[in-house]
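Observations on the three-dimensional arrangement
Next come the chains, spelled out residue by residue.
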Amino acid sequence: MINLESSPQRDPAQKALFINLDQERYGTLAEIGAGQEVASRLFRAGAASGTIAKSMSAYDMTVSDTIYGKSKRYVSKSRLQAMLNHEYSLLIERLQIERGSSTCFFAFADTVSARNYSGTNECHGWMGIRFQTEPLGDPNEVMIHIHMNDKEAVHQHEAIGMLGLNLLYAAFYHNANLTNLVSGILDGLENNRVEVDYIELSGPAFQEIDKRLANIALLRNGLTHAILFDSQQNPVPPTEYFHKRPILLERGTFRALHQVFPGLTTASQQTLKRVEGSDVKQVAHVLEISLNNILKTQQSTNEELLDVLGQLCKYHNNVLVSSYSEFFHLTQYLRRYSNAAIGFIVSAALLPLLFEDERYSLLSGGVLEASARLFQQKVHLLVYPVEHKLFHFYLDLVHFDSAKIETPTDGLIRAENLSLTGVTNHLFRYLIESGIILDVSVKPE
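On a predicted model such as this, the values are computed, not experimentally measured, just so you know. (Residues numbered from 1 in each chain as written. Predicted model: local features only at pLDDT ≥ 70, side-chain atom pairs only at ≥ 80, totals over all residues. Heavy atoms only, no water.)

1. Here we look at the sheet that holds strand β6 (residues 194-202)
Applied cut-off: Note on pairing: DSSP must find at least two bridges between two strands before they are called paired. Helical segments are the DSSP runs of H or I of at least four residues, strand segments are the runs of E of at least two, and each set is numbered from the N terminus. In this description, a line fitted to the C-alpha atoms serves as the axis of each element, helices being fitted only across the stretch in contact, and the angle between N-to-C directions of two axes falls anywhere from 0 to 180 degrees. Here a residue-residue contact requires only that any non-hydrogen atoms of the pair lie within 4.5 Å.
The strand order across the open sheet formed by 6 strands is β2-β1-β3-β4-β5-β6, and the pairing between neighbours is mixed. A strand with exactly one partner marks an edge of an open sheet, and here the two such strands are β2 (52-56) and β6. Across the sheet, the axes of successive neighbouring strands diverge by a mean angle of 10°, strand direction being ignored. As judged from the 8 bridges shared by strand β1 (residues 25-32) and strand β3 (residues 104-113), these two strands associate in the parallel manner. Bridge pairing in β3 links Leu29 to Phe108. Packed on one face of the sheet, helix α2 (residues 37-45) meets β1, β2 and β3 and runs near 140° to β1.

2. A look at the environment of Leu382
Residue placement: Leu382 occurs in strand β13 (residues 379-384). Considered as a pair, Leu382 and Gly343 are 39 residues apart in the sequence and their alpha carbons are 6.2 Å apart. Once residues lying within four places of it in the same chain are set aside, the contact partners of Leu382 are Leu248, Ser268, Thr271, Gly343, Phe344, Ile345, Val346, Leu438 and Val440.

3. A few points about the packing of helix α7 (residues 211-220) against helix α11 (residues 302-313)
Note the following rule: By definition, turning the near helix anticlockwise from the far helix through less than a right angle yields a left-handed crossing, and turning it clockwise yields a right-handed one. Ten residue types, Ala, Val, Leu, Ile, Met, Phe, Trp, Tyr, Cys and Pro, are classed as nonpolar, four, Asp, Glu, Lys and Arg, as charged, and the remainder, Gly among them, as polar.
Where α7 contacts α11, the axes come no closer than 11 Å and their chain directions differ by 115°. The chirality of how α7 crosses α11 is right-handed. Between α7 and α11, the residues in contact are Arg212, Leu213, Ile216 and Arg220 and Asn302, Leu305, Leu306 and Leu309, respectively. Here the residues of the contact of α7 with α11 sort into 5 nonpolar, 1 polar and 2 charged.

Printed below as a string of structure tokens:
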């Protein structure tokens, strides 16, 4: 079996030719939604007849349903799984007797929603491969969810072709090393053209890999800006969890302040329902941790991150781990998946930092531009109060100049009784009076 862990880097054409010349590999490629770009790269490299048993694309929904069964969403994990099941089973049924003893079979599939004519759709897709690492061996599987950032459909198609080729190559030749497998997926796709925000590995080749660490590797290697875990610590595709739902997101370290108001989530849901009419039962609630903050402390190892994840999930929380430092990045991220209301649950002690103009020095419009990006339609800051001494303790901890704010001398600090010095206060008061920044009515235990 070929092992390339120490081999030099190859460009896409070399990768395609290398796969085609590997006499042990033989399989099927099924692609829906962005052309047959992966198969095309193998065909153009030459010698593809030694690798490709079949290449197909069922674009028509009725045709696709006839082959793979009906699906609520055609670009979904369930549709990808159905494609892999069908194509791999068919391959084994037809070719196992003839060449199974000398061949590592594979089935590759993708289902992609590239940019439509009007540019109104979510540009994303699912891609996966089921493959043997030895003849007659049990199959392994890699499935990923991707988000495409190119503005033109033709460039998205090109990126899909390269991404699929990378996935084939990484699965075949780097399956023994998680770091090499993950980093190889976006090889040659520069400038954040594609993000991979979910990966699922299964089979004997991956039995020693922690599924949580596999997804954390996506974040640490820059393949995505955020990964999502459910309350059982299982990685979850963000596109399927957030899809068209109202969203409540609470970010922080989740230590002292988070325990002060146990009824905060319920109160925030009711507030979002009151101002936007959101169905409380449909609200997607997540706690968000910024990896940027974690990496600035000693708690930067995977073990520390898994410990924080375990503690939060113990109380039935869904957890988003991100590399976003600013709130407005989160608005842009969540708007990929839902046009419903978004509520960011924040401490009153965080408000002075959010409206500090120096914080946004990299934006030409400073705090005004940051606010415009953050407060898109149906986006609110839901503010919970902080006791006066704790409020100032927190600001002292982050070295904030208290001369920039005015607060009551005791009691609870809320958005409504907090004032910022200077012209930024006008923006702050406007957002409060417009109902964009809302105090949440909760009481400490």
